[in-house]
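# Commentary on secondary and tertiary structure
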Number of protein chains: 2
Amino acid sequence: MKLYTTKGSGNGYKVALLLSLLNKAHERIIVDFPGGEHKRKPFTELNPRSQVPVLEDNGRVLWDSSACLAYVARKYGGERWLPSDPGQMGEVLQWVAVALNEIQFGLQYGRGIAQGRRSGSFEECAELGRKGLNVLEARLKNNDWLALGRPTIADVACYPYTARAPQANIALAPYPAVVAWIRRIETLPGYLRLD
Amino acid sequence: MKLYTTKGSGNGYKVALLLSLLNKAHERIIVDFPGGEHKRKPFTELNPRSQVPVLEDNGRVLWDSSACLAYVARKYGGERWLPSDPGQMGEVLQWVAVALNEIQFGLQYGRGIAQGRRSGSFEECAELGRKGLNVLEARLKNNDWLALGRPTIADVACYPYTARAPQANIALAPYPAVVAWIRRIETLPGYLRLD
(Lines give C-alpha, C1' and ligand atoms only; values in the text may rest on other atoms or scores of the structure.)
Protein backbone atom coordinates (compact mmCIF):
# COMPACT_ATOMS: atom_id res chain seq x y z
CA MET A 1 0.00 0.00 0.00
CA LYS A 2 1.33 3.43 -0.98
CA LEU A 3 0.43 6.65 0.82
CA TYR A 4 1.25 9.83 -1.09
CA THR A 5 1.64 12.68 1.36
CA THR A 6 3.89 15.57 2.38
CA LYS A 7 6.00 15.90 5.51
CA GLY A 8 3.70 18.44 7.13
CA SER A 9 0.29 17.30 5.88
CA GLY A 10 -2.16 16.68 8.71
CA ASN A 11 -4.53 15.10 6.21
CA GLY A 12 -1.91 12.62 5.04
CA TYR A 13 -1.01 12.03 8.69
CA LYS A 14 -4.61 10.99 9.49
CA VAL A 15 -4.35 8.05 7.14
CA ALA A 16 -0.89 7.11 8.44
CA LEU A 17 -2.26 7.31 12.00
CA LEU A 18 -5.15 4.95 11.27
CA LEU A 19 -2.79 2.51 9.52
CA SER A 20 -0.50 2.67 12.56
CA LEU A 21 -3.40 2.09 14.98
CA LEU A 22 -4.29 -0.95 12.85
CA ASN A 23 -0.62 -2.06 12.81
CA LYS A 24 -0.72 -2.08 9.02
CA ALA A 25 2.47 -1.24 7.12
CA HIS A 26 2.56 1.14 4.16
CA GLU A 27 5.04 2.80 1.85
CA ARG A 28 5.18 6.57 2.34
CA ILE A 29 5.77 8.61 -0.79
CA ILE A 30 6.59 12.28 -0.25
CA VAL A 31 5.11 14.50 -2.96
CA ASP A 32 7.29 17.52 -3.78
CA PHE A 33 4.82 20.34 -3.10
CA PRO A 34 7.40 23.17 -3.19
CA GLY A 35 8.47 21.84 -6.60
CA GLY A 36 4.85 21.73 -7.83
CA GLU A 37 4.83 17.95 -8.38
CA HIS A 38 1.19 17.82 -7.24
CA LYS A 39 0.11 20.10 -10.08
CA ARG A 40 1.68 18.00 -12.83
CA LYS A 41 1.25 14.58 -14.36
CA PRO A 42 1.61 11.84 -13.26
CA PHE A 43 0.34 13.02 -9.84
CA THR A 44 -2.74 14.76 -11.27
CA GLU A 45 -3.71 11.46 -12.87
CA LEU A 46 -3.81 9.98 -9.37
CA ASN A 47 -5.66 12.97 -7.92
CA PRO A 48 -7.21 15.63 -10.17
CA ARG A 49 -7.57 17.90 -7.10
CA SER A 50 -3.75 18.15 -6.80
CA GLN A 51 -3.91 17.35 -3.08
CA VAL A 52 -2.55 14.81 -0.64
CA PRO A 53 -3.27 12.25 0.64
CA VAL A 54 -3.67 9.70 -2.11
CA LEU A 55 -3.83 6.03 -1.23
CA GLU A 56 -2.94 3.26 -3.67
CA ASP A 57 -3.82 -0.28 -2.61
CA ASN A 58 -4.31 -3.40 -4.72
CA GLY A 59 -4.58 -1.27 -7.85
CA ARG A 60 -7.23 1.03 -6.35
CA VAL A 61 -6.48 4.74 -6.08
CA LEU A 62 -8.38 6.92 -3.61
CA TRP A 63 -8.04 10.59 -2.76
CA ASP A 64 -9.38 12.80 0.03
CA SER A 65 -8.49 11.89 3.59
CA SER A 66 -12.10 11.06 4.48
CA ALA A 67 -12.39 8.50 1.67
CA CYS A 68 -8.95 7.04 2.48
CA LEU A 69 -9.93 6.70 6.16
CA ALA A 70 -13.22 5.01 5.27
CA TYR A 71 -11.42 2.61 2.92
CA VAL A 72 -8.72 1.64 5.43
CA ALA A 73 -11.26 1.32 8.25
CA ARG A 74 -13.56 -0.94 6.23
CA LYS A 75 -10.77 -2.95 4.61
CA TYR A 76 -8.47 -3.53 7.57
CA GLY A 77 -10.46 -2.55 10.67
CA GLY A 78 -13.53 -4.79 10.52
CA GLU A 79 -16.59 -3.11 12.01
CA ARG A 80 -14.65 -1.23 14.65
CA TRP A 81 -13.54 2.07 13.11
CA LEU A 82 -16.41 2.58 10.64
CA PRO A 83 -19.33 0.19 11.11
CA SER A 84 -21.64 -0.75 8.24
CA ASP A 85 -24.74 -0.31 10.41
CA PRO A 86 -26.59 2.74 8.97
CA GLY A 87 -27.07 4.66 12.21
CA GLN A 88 -23.60 3.95 13.52
CA MET A 89 -22.03 4.86 10.18
CA GLY A 90 -24.02 8.11 10.14
CA GLU A 91 -22.88 8.95 13.67
CA VAL A 92 -19.23 8.50 12.67
CA LEU A 93 -19.56 10.37 9.37
CA GLN A 94 -21.21 13.43 10.92
CA TRP A 95 -17.98 14.02 12.86
CA VAL A 96 -15.86 13.33 9.78
CA ALA A 97 -17.89 16.15 8.22
CA VAL A 98 -16.83 18.47 11.07
CA ALA A 99 -13.22 17.60 10.19
CA LEU A 100 -13.89 18.56 6.54
CA ASN A 101 -15.69 21.77 7.48
CA GLU A 102 -14.97 23.69 10.71
CA ILE A 103 -11.63 22.00 11.31
CA GLN A 104 -10.22 22.16 7.76
CA PHE A 105 -11.59 25.54 6.68
CA GLY A 106 -11.23 26.95 10.18
CA LEU A 107 -8.30 25.51 12.14
CA GLN A 108 -6.21 24.09 9.27
CA TYR A 109 -6.49 27.08 6.95
CA GLY A 110 -6.18 29.50 9.88
CA ARG A 111 -2.89 27.82 10.75
CA GLY A 112 -1.77 28.14 7.14
CA ILE A 113 -2.51 31.87 7.20
CA ALA A 114 -0.84 32.31 10.62
CA GLN A 115 2.26 30.56 9.26
CA GLY A 116 2.31 32.67 6.09
CA ARG A 117 1.57 29.79 3.71
CA ARG A 118 -1.98 30.80 2.75
CA SER A 119 -3.87 33.95 1.88
CA GLY A 120 -7.30 34.75 3.27
CA SER A 121 -8.84 36.13 6.45
CA PHE A 122 -7.33 34.69 9.62
CA GLU A 123 -10.24 36.04 11.68
CA GLU A 124 -12.86 34.28 9.52
CA CYS A 125 -10.93 31.02 9.83
CA ALA A 126 -10.49 31.44 13.58
CA GLU A 127 -14.20 32.12 14.04
CA LEU A 128 -15.13 28.97 12.12
CA GLY A 129 -12.46 26.98 13.95
CA ARG A 130 -13.79 28.09 17.34
CA LYS A 131 -17.30 27.05 16.28
CA GLY A 132 -15.87 23.60 15.63
CA LEU A 133 -14.04 23.54 18.97
CA ASN A 134 -17.27 24.48 20.77
CA VAL A 135 -19.11 21.59 19.11
CA LEU A 136 -16.30 19.16 19.98
CA GLU A 137 -16.16 20.46 23.57
CA ALA A 138 -19.92 20.08 24.06
CA ARG A 139 -19.74 16.49 22.83
CA LEU A 140 -16.56 15.51 24.70
CA LYS A 141 -17.68 17.00 28.01
CA ASN A 142 -19.81 13.89 28.55
CA ASN A 143 -18.18 11.42 26.15
CA ASP A 144 -14.66 10.04 25.88
CA TRP A 145 -14.91 9.71 22.09
CA LEU A 146 -16.77 11.55 19.34
CA ALA A 147 -18.92 8.62 18.24
CA LEU A 148 -20.09 5.19 19.42
CA GLY A 149 -18.31 5.37 22.79
CA ARG A 150 -15.03 4.16 21.29
CA PRO A 151 -12.27 5.41 18.99
CA THR A 152 -13.41 5.59 15.35
CA ILE A 153 -12.33 7.43 12.21
CA ALA A 154 -14.32 10.39 13.61
CA ASP A 155 -11.56 10.92 16.19
CA VAL A 156 -8.77 10.24 13.70
CA ALA A 157 -10.23 12.77 11.24
CA CYS A 158 -10.74 15.54 13.81
CA TYR A 159 -7.56 15.06 15.82
CA PRO A 160 -4.58 16.51 13.86
CA TYR A 161 -5.66 20.08 13.16
CA THR A 162 -7.46 20.29 16.50
CA ALA A 163 -4.24 19.33 18.28
CA ARG A 164 -2.38 21.85 16.12
CA ALA A 165 -4.80 24.71 16.90
CA PRO A 166 -2.23 26.44 19.16
CA GLN A 167 0.04 26.68 16.08
CA ALA A 168 -2.83 28.68 14.54
CA ASN A 169 -2.68 31.00 17.57
CA ILE A 170 -5.91 29.46 18.84
CA ALA A 171 -5.47 28.41 22.45
CA LEU A 172 -7.05 25.16 23.61
CA ALA A 173 -7.26 26.18 27.30
CA PRO A 174 -10.96 27.16 26.98
CA TYR A 175 -11.69 23.61 25.76
CA PRO A 176 -10.58 21.27 28.57
CA ALA A 177 -12.61 18.27 27.35
CA VAL A 178 -10.97 18.62 23.92
CA VAL A 179 -7.53 18.72 25.55
CA ALA A 180 -8.34 15.56 27.54
CA TRP A 181 -9.56 13.83 24.34
CA ILE A 182 -6.32 14.77 22.55
CA ARG A 183 -4.33 13.12 25.37
CA ARG A 184 -6.62 10.07 25.17
CA ILE A 185 -5.87 9.68 21.45
CA GLU A 186 -2.16 10.12 22.08
CA THR A 187 -2.12 7.15 24.46
CA LEU A 188 -3.90 4.71 22.13
CA PRO A 189 -1.85 1.57 21.34
CA GLY A 190 -0.17 2.15 17.99
CA TYR A 191 -0.45 5.95 18.18
CA LEU A 192 1.80 7.67 15.64
CA ARG A 193 3.41 10.92 16.72
CA LEU A 194 2.05 14.15 15.20
CA ASP A 195 4.82 16.63 14.46
CA MET B 1 -38.96 9.96 9.69
CA LYS B 2 -38.56 13.72 10.20
CA LEU B 3 -36.35 15.93 8.07
CA TYR B 4 -35.59 19.35 9.56
CA THR B 5 -34.71 21.75 6.76
CA THR B 6 -35.45 25.20 5.35
CA LYS B 7 -37.27 26.08 2.14
CA GLY B 8 -34.11 27.08 0.31
CA SER B 9 -31.56 24.68 1.77
CA GLY B 10 -29.76 22.68 -0.89
CA ASN B 11 -28.27 20.52 1.85
CA GLY B 12 -31.70 19.66 3.23
CA TYR B 13 -32.87 19.11 -0.34
CA LYS B 14 -30.15 16.47 -0.92
CA VAL B 15 -31.65 14.27 1.77
CA ALA B 16 -35.19 14.84 0.49
CA LEU B 17 -33.98 13.98 -3.04
CA LEU B 18 -32.45 10.68 -1.94
CA LEU B 19 -35.61 9.79 0.01
CA SER B 20 -37.66 10.60 -3.08
CA LEU B 21 -35.40 8.50 -5.33
CA LEU B 22 -35.94 5.66 -2.85
CA ASN B 23 -39.70 6.33 -2.77
CA LYS B 24 -39.52 6.73 1.00
CA ALA B 25 -41.92 9.14 2.69
CA HIS B 26 -40.85 11.63 5.35
CA GLU B 27 -42.24 14.50 7.36
CA ARG B 28 -40.68 17.84 6.42
CA ILE B 29 -40.19 20.29 9.28
CA ILE B 30 -39.26 23.83 8.28
CA VAL B 31 -36.86 25.45 10.74
CA ASP B 32 -37.42 29.21 11.12
CA PHE B 33 -33.97 30.49 10.20
CA PRO B 34 -34.98 34.17 9.88
CA GLY B 35 -36.45 33.90 13.39
CA GLY B 36 -33.24 32.30 14.70
CA GLU B 37 -34.90 29.03 15.71
CA HIS B 38 -31.74 27.12 14.69
CA LYS B 39 -29.68 29.01 17.27
CA ARG B 40 -31.93 28.16 20.22
CA LYS B 41 -33.05 25.14 22.16
CA PRO B 42 -34.66 22.75 21.37
CA PHE B 43 -33.08 22.81 17.87
CA THR B 44 -29.52 23.13 19.19
CA GLU B 45 -30.12 19.95 21.19
CA LEU B 46 -30.79 18.18 17.90
CA ASN B 47 -27.82 19.82 16.15
CA PRO B 48 -25.18 21.74 18.11
CA ARG B 49 -23.92 23.21 14.80
CA SER B 50 -27.22 25.13 14.36
CA GLN B 51 -27.54 23.89 10.78
CA VAL B 52 -29.97 21.98 8.64
CA PRO B 53 -30.52 19.24 7.67
CA VAL B 54 -31.23 17.14 10.71
CA LEU B 55 -32.78 13.71 10.29
CA GLU B 56 -34.76 11.96 13.01
CA ASP B 57 -35.60 8.31 12.42
CA ASN B 58 -36.52 5.58 14.89
CA GLY B 59 -35.22 7.72 17.75
CA ARG B 60 -31.88 8.36 16.05
CA VAL B 61 -30.85 11.95 15.32
CA LEU B 62 -28.25 12.72 12.67
CA TRP B 63 -26.92 16.02 11.39
CA ASP B 64 -24.81 17.03 8.39
CA SER B 65 -26.12 16.20 4.95
CA SER B 66 -23.30 13.73 4.26
CA ALA B 67 -24.12 11.68 7.36
CA CYS B 68 -27.86 11.85 6.63
CA LEU B 69 -27.26 10.66 3.05
CA ALA B 70 -25.06 7.79 4.23
CA TYR B 71 -27.69 6.78 6.79
CA VAL B 72 -30.60 6.83 4.34
CA ALA B 73 -28.57 5.06 1.65
CA ARG B 74 -27.48 2.26 4.00
CA LYS B 75 -30.85 1.95 5.77
CA TYR B 76 -33.21 2.12 2.82
CA GLY B 77 -31.10 1.71 -0.31
CA GLY B 78 -29.37 -1.64 0.20
CA GLU B 79 -25.92 -1.73 -1.40
CA ARG B 80 -26.88 0.51 -4.31
CA TRP B 81 -26.32 4.11 -3.19
CA LEU B 82 -23.46 3.55 -0.73
CA PRO B 83 -21.96 0.06 -0.82
CA SER B 84 -20.25 -1.46 2.21
CA ASP B 85 -17.33 -2.73 0.09
CA PRO B 86 -14.28 -0.70 1.21
CA GLY B 87 -13.07 0.37 -2.22
CA GLN B 88 -16.53 1.18 -3.53
CA MET B 89 -17.41 3.08 -0.37
CA GLY B 90 -14.18 5.06 -0.66
CA GLU B 91 -14.90 5.89 -4.30
CA VAL B 92 -18.34 7.27 -3.37
CA LEU B 93 -17.10 9.17 -0.30
CA GLN B 94 -14.30 10.94 -2.16
CA TRP B 95 -16.96 12.69 -4.25
CA VAL B 96 -19.07 13.40 -1.17
CA ALA B 97 -15.93 15.17 0.11
CA VAL B 98 -15.92 17.37 -3.02
CA ALA B 99 -19.51 18.33 -2.16
CA LEU B 100 -18.38 19.31 1.36
CA ASN B 101 -15.35 21.22 0.11
CA GLU B 102 -15.22 22.86 -3.35
CA ILE B 103 -18.98 22.80 -3.84
CA GLN B 104 -20.05 24.02 -0.39
CA PHE B 105 -17.27 26.51 0.32
CA GLY B 106 -17.05 27.50 -3.35
CA LEU B 107 -20.38 27.32 -5.17
CA GLN B 108 -22.81 27.36 -2.22
CA TYR B 109 -21.13 30.14 -0.27
CA GLY B 110 -20.39 32.07 -3.49
CA ARG B 111 -24.12 31.97 -4.24
CA GLY B 112 -24.86 33.19 -0.72
CA ILE B 113 -22.52 36.15 -1.21
CA ALA B 114 -23.91 36.87 -4.70
CA GLN B 115 -27.43 36.90 -3.23
CA GLY B 116 -26.42 39.18 -0.35
CA ARG B 117 -27.00 36.57 2.37
CA ARG B 118 -23.34 35.97 3.31
CA SER B 119 -20.21 38.00 3.86
CA GLY B 120 -16.83 37.00 2.48
CA SER B 121 -14.92 37.14 -0.78
CA PHE B 122 -17.00 36.15 -3.80
CA GLU B 123 -13.87 35.79 -5.93
CA GLU B 124 -12.26 33.32 -3.50
CA CYS B 125 -15.47 31.27 -3.47
CA ALA B 126 -15.79 31.40 -7.25
CA GLU B 127 -12.18 30.27 -7.68
CA LEU B 128 -12.72 27.29 -5.36
CA GLY B 129 -16.05 26.52 -7.03
CA ARG B 130 -14.47 26.48 -10.49
CA LYS B 131 -11.77 24.11 -9.22
CA GLY B 132 -14.59 21.79 -8.20
CA LEU B 133 -16.33 22.16 -11.55
CA ASN B 134 -13.09 21.31 -13.37
CA VAL B 135 -12.70 18.14 -11.32
CA LEU B 136 -16.33 17.16 -11.97
CA GLU B 137 -15.98 17.93 -15.68
CA ALA B 138 -12.81 15.83 -16.03
CA ARG B 139 -14.56 12.90 -14.39
CA LEU B 140 -17.88 13.23 -16.21
CA LYS B 141 -16.30 13.64 -19.64
CA ASN B 142 -15.84 9.88 -19.74
CA ASN B 143 -18.34 8.73 -17.11
CA ASP B 144 -22.10 9.13 -16.78
CA TRP B 145 -21.92 9.17 -12.98
CA LEU B 146 -19.35 10.29 -10.42
CA ALA B 147 -18.71 6.85 -8.91
CA LEU B 148 -19.25 3.17 -9.63
CA GLY B 149 -20.86 3.72 -13.05
CA ARG B 150 -24.29 4.31 -11.52
CA PRO B 151 -26.11 6.94 -9.46
CA THR B 152 -24.91 7.02 -5.85
CA ILE B 153 -24.96 9.51 -2.97
CA ALA B 154 -21.89 11.05 -4.66
CA ASP B 155 -24.17 12.46 -7.36
CA VAL B 156 -26.91 13.42 -4.89
CA ALA B 157 -24.39 15.29 -2.70
CA CYS B 158 -22.76 17.20 -5.57
CA TYR B 159 -25.87 17.98 -7.61
CA PRO B 160 -27.81 20.82 -5.91
CA TYR B 161 -25.23 23.59 -5.63
CA THR B 162 -23.61 22.56 -8.90
CA ALA B 163 -26.97 22.95 -10.66
CA ARG B 164 -27.43 26.28 -8.87
CA ALA B 165 -24.00 27.63 -9.90
CA PRO B 166 -25.55 30.04 -12.42
CA GLN B 167 -27.38 31.64 -9.46
CA ALA B 168 -23.88 32.30 -8.09
CA ASN B 169 -23.06 34.06 -11.38
CA ILE B 170 -20.91 31.09 -12.37
CA ALA B 171 -21.89 29.93 -15.85
CA LEU B 172 -21.96 26.19 -16.56
CA ALA B 173 -21.42 26.57 -20.33
CA PRO B 174 -17.67 25.79 -20.02
CA TYR B 175 -18.60 22.48 -18.36
CA PRO B 176 -20.73 20.58 -20.91
CA ALA B 177 -20.24 17.17 -19.29
CA VAL B 178 -21.43 18.62 -15.97
CA VAL B 179 -24.51 20.05 -17.70
CA ALA B 180 -25.29 16.66 -19.28
CA TRP B 181 -24.88 14.97 -15.86
CA ILE B 182 -27.29 17.47 -14.28
CA ARG B 183 -29.88 16.58 -16.96
CA ARG B 184 -29.23 12.88 -16.31
CA ILE B 185 -29.96 13.32 -12.59
CA GLU B 186 -33.10 15.30 -13.38
CA THR B 187 -34.55 12.42 -15.39
CA LEU B 188 -33.98 9.73 -12.72
CA PRO B 189 -37.20 7.99 -11.63
CA GLY B 190 -38.37 9.65 -8.43
CA TYR B 191 -36.40 12.86 -9.06
CA LEU B 192 -37.54 15.71 -6.81
CA ARG B 193 -37.53 19.17 -8.32
CA LEU B 194 -34.82 21.59 -7.15
CA ASP B 195 -36.14 25.14 -6.78
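What counts, and where the lines are drawn
- Residues numbered from 1 in each chain as written.
- Chains lettered and ligands numbered in written order.
- Predicted model: local features only at pLDDT ≥ 70, side-chain atom pairs only at ≥ 80, totals over all residues.
- Heavy atoms only, no water.
- Buried < 20%, exposed > 50% of the residue type's maximum accessible area, 1.4 Å probe, protein only.
- Helix = DSSP H or I, 4+ residues; strand = E, 2+ residues; numbered from the N terminus.
- Contact = heavy atoms within 4.5 Å.
- Pairing = 2+ DSSP bridges.
- Axes fitted to C-alpha atoms, helices over the stretch in contact; angles between N-to-C directions.
- Parallel < 35°, antiparallel > 145°, perpendicular 65-115°, else oblique.
- Nonpolar A, V, L, I, M, F, W, Y, C, P; charged D, E, K, R; others polar.
- pLDDT = per-residue confidence, 0-100.
- 1 Å grid on protein atoms, 1.4 Å probe; cavity = no way out; pocket = protein on both sides within 12 Å on 5 of 7 lines; lining within 4 Å.
- Points joined across faces, edges and corners; volume = space filled by probe spheres on them.

## Observations concerning helix H6 (residues 153–163) of chain A
Residues and elements named next belong to chain A. For H6, the buried fraction is high: 10 of the 11 residues fall into the buried class. For H6, every residue scored as buried is listed here: Ile153, Ala154, Asp155, Val156, Ala157, Cys158, Tyr159, Pro160, Tyr161 and Thr162. The secondary structure elements touched by the buried residues of H6 are helix H1 (10–21), helix H3 (65–76), helix H4 (86–114), helix H5 (122–140) and helix H7 (176–186).

## Structural notes on the sheet that holds strand S4 (residues 60–63) of chain A
All names here are of chain A. Ordered by their spatial adjacency, four strands build an open sheet running S2-S1-S3-S4, and the pairing between neighbours is mixed. Strands at the two margins of the open sheet, each flanked by one partner only, are strand S2 (27–30) and S4. Between one strand axis and the next, the sheet turns by 20° as a mean value, whatever way the strands run. Where strand S3 (residues 54–57) meets S4, four bridges bridge the pair, whose relative direction is antiparallel. The residue of S4 that forms the bridge with Asp57 is Arg60. Relative to strand S1 (residues 2–5), H1 is tilted by about 155°, and along the sheet it contacts S1 and S3.

## Things to note about the packing of helix H1 (residues 10–21) of chain B against helix H3 (residues 65–76) of chain B
When two helices pack together, you describe them by how their axes are tilted relative to each other and by the distance separating the axes. Residue and element names in this part refer to chain B. The N-to-C vectors of H1 and H3 enclose an angle of 5°; their axes lie 9 Å apart at closest approach. Accordingly, the angle class assigned to the pair H1 and H3 is roughly parallel. On the side of H1, the interface is formed by Asn11, Lys14, Val15, Leu18 and Leu19, while H3 contributes Ser65, Cys68, Leu69, Val72 and Ala73. Residues of the contact of H1 with H3, tallied by class, amount to seven nonpolar, two polar and one charged.

## Regarding the confidence of the model for chain A
Mean pLDDT over chain A stands at 97; residues scoring 70 or higher make up 100%. Mean pLDDT across the secondary structure elements of chain A bottoms out at helix H2 (residues 43–46) of chain A, with 96, and peaks at H6(A), with 99.

## Some words on empty space enclosed by the protein
Taking a probe equal in size to a water molecule and rolling it over the atoms shows the remaining empty space. Under the counting rule described, the total for this entry stands at two cavities of 30 Å³ or more. Considering only enclosed or pocket space, the largest cavity measures out at about 90 Å³ in volume. Lining the largest cavity are Ser66(A), Leu93(A), Val96(A), Ala97(A), Leu100(A), Ser66(B), Leu93(B), Val96(B), Ala97(B) and Leu100(B). Counting only elements with at least two residues in the lining of the largest cavity, the list comes to H4 of chain A together with helix H4 (86–114) of chain B. Here the lining of the largest cavity is composed, by residue class, of eight nonpolar, two polar and no charged. Considered as a void within the structure, the second largest cavity measures approximately 40 Å³ in volume.

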